[in-house]
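Below are the chains, spelled out letter by letter.
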Amino acid sequence: MILVNDRFVERTEATVDIEDRGYQFGDGVYEVIRVYGGAPFLLDEHMARLARSLREIRLEPPYGIDELTDKIRRLITLNALGDGIVYLQITRGASPRTHGFPKNAHSVLTAYTQTLDRPLQALQEGIRAHLTEDIRWLRCDIKSLNLLGSVLAKQEALDKGCAEAILHRGKTVTEGSASNVFALIGGVWFTHPANHLILDGITRRSVLRIMQELDMPAKEEAVTVEQLLAAEELIVTSTTQEVMPVVAVDGRPIGDGSVGPWTRRLQEAFEAAIRETANRSS
Ligand SMILES: Cc1ncc(COP(=O)(O)O)c(C=O)c1O
């Protein structure tokens, strides 16, 4: 089933107006929520970020966040989702095409589930990443539907045989095309501060909490490309990539080119949080 505004409908009934502003302008926001063993992971944090994104683009959702949270849980149950994701977006709705906000349009909410296995092999072996200039707009803190900058960066990385693009503005590393970046330098984890240049990832926050619990020093401070390439360990984090080791950047090994011990400890703690979520639902 698909959630369309306040109704659960079959996929064939879930249609989009050709004048929907999400479709024409990317005028909307979204969230991707991980589900483990039928239980949504960090759902309240995703919903709080969604509410913030909505406020920042001055978009009124069709109904309140509490009701939406209930409906997301219901969608997971209706679709008997085990391991997977919920994709959810809200657009400014359909109206004759003009840039300014339409007076009479109603926002349109859609959400669906998708089965997705954990990327276990990549989590074990690590991935290769590719560095590329960050060409995106200056409000990367909003989880906006406008993803062309990220799409182009990711494809550039894939074309080079890499799984993720690491973005930099000039010398400064910002984040991944669809992830946040942490570099272990001199025994301290560095990640870009949560300002307008990055999306404050829900996984990023969760990993920062884990670092605190494990007494691993962490600083929300940007690093340069040069520092990143000299890091002892490197990870990217996201809802679907979890705590993903990066073992090489543009063909240059990070550390000794294998997954480091600090990364493994983070992965173990993150796994424990996942297991806790999955156990709660069973
Ligand atoms: C640009 C960007 N940064 C960071 C992230 C990670 O965010 P989260 O951990 O909430 O999935 C994403 C996720 O898609 C992203 O697109």
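Criteria and thresholds
- Residues numbered from 1 in each chain as written.
- Predicted model: local features only at pLDDT ≥ 70, side-chain atom pairs only at ≥ 80, totals over all residues.
- Heavy atoms only, no water.
- Domains from an automatic or database assignment.
- Buried area = accessible area lost by both parts, 1.4 Å probe.
- Salt bridge = Lys/Arg side-chain N within 4 Å of Asp/Glu carboxyl O.
- Polar contact = N/O pair within 3.5 Å; in protein donor to acceptor, adjacent residues only side chain to side chain.
- Nonpolar A, V, L, I, M, F, W, Y, C, P; charged D, E, K, R; others polar.
- Helix = DSSP H or I, 4+ residues; strand = E, 2+ residues; numbered from the N terminus.
- Expected span 1.5 Å × (residues − 1).
- Buried < 20%, exposed > 50% of the residue type's maximum accessible area, 1.4 Å probe, protein only.
- Arc of directions from axis to C-beta.
- Phe/Tyr/Trp six-rings, centres within 6.5 Å; stacked < 30°, edge-to-face > 60°.
- Lys NZ or Arg CZ within 6 Å of the ring centre and 35° of its normal.
- Near = heavy atom within 4 Å.
- Areas by Shrake-Rupley, 256 points an atom, 1.4 Å probe, with all protein chains shown as cover.
- Pairing = 2+ DSSP bridges.

Our next topic: the domain arrangement of the protein chain. Annotation of the protein chain at the domain level lists domain 1 (2-115) and domain 2 (120-278). Surface buried jointly by domain 1 and domain 2 totals about 2100 Å² across both partners, of which 59% is contributed by carbon and sulfur atoms. Taken as a group, Tyr30, Tyr36 and Arg49 account for 32% of the area that domain 1 buries against domain 2, more than any other trio of residues on that side. Our count for the contact surface shared by domain 1 and domain 2 stands at four salt bridges. The interface formed by domain 1 and domain 2 includes nine residue pairs in polar contact (both at pLDDT 80 or more). Within the side of domain 1 that touches domain 2, the residues separate by chemical class into 13 nonpolar, eight polar and six charged.

Another aspect to go through is helix α8 (residues 261-281). End to end, α8 covers 31 Å across 21 residues, agreeing with the expected 30 Å (1.5 Å per residue, within 8%). For α8, the full list of buried residues reads Thr263, Leu266, Gln267, Phe270, Ile274 and Thr277. The buried residues of α8 occupy an angular sector of 100° when projected down its axis, which confines them to one face. Structural note: α8 exposes Pro261, Glu268, Glu276, Asn279 and Arg280 on the side pointing more than 90 degrees away from its buried face.

Let us look at the packing of aromatic side chains. The description of two aromatic rings rests on the distance between their centres and on the angle between their planes. What the rule picks out here adds up to four aromatic pairs. Ring-pair connections join several aromatic residues into one group, and the members of that group are Tyr30, Tyr87 and Tyr112. One residue, arginine 11, lies across the ring of tyrosine 112, its end atom 5.8 Å from the ring centre. Its end group placed over the ring of phenylalanine 101, arginine 92 keeps NZ or CZ at 3.7 Å from the ring centre.

With that settled, the discussion passes to the site of the ligand. In the vicinity of the ligand there are 16 residues, among which Arg49, Glu175, Ile202, Thr203 and Thr239 approach most closely. At 2.6 Å from an oxygen atom of the ligand is found a side-chain nitrogen or oxygen belonging to threonine 239. Notes on the ligand: free accessible area 380 Å², of which the protein chains cover 91%. Of all the secondary structure elements, the ones that give two or more residues to the shell around the ligand are β9 (172-176), α6 (202-213) and β13 (233-238). Tallied by class, residues from the shell around the ligand come to three nonpolar, nine polar and four charged.

Relative to strand β6 (residues 108-115), strand β1 (residues 2-4) runs antiparallel, the two sharing two bridges. Opposite valine 4, over in β6, you have threonine 110 as the bridge partner. Note: strand β5 (residues 84-91) against β6, eight bridges, orientation antiparallel. Paired with isoleucine 90 across the bridge in β6 is leucine 109.

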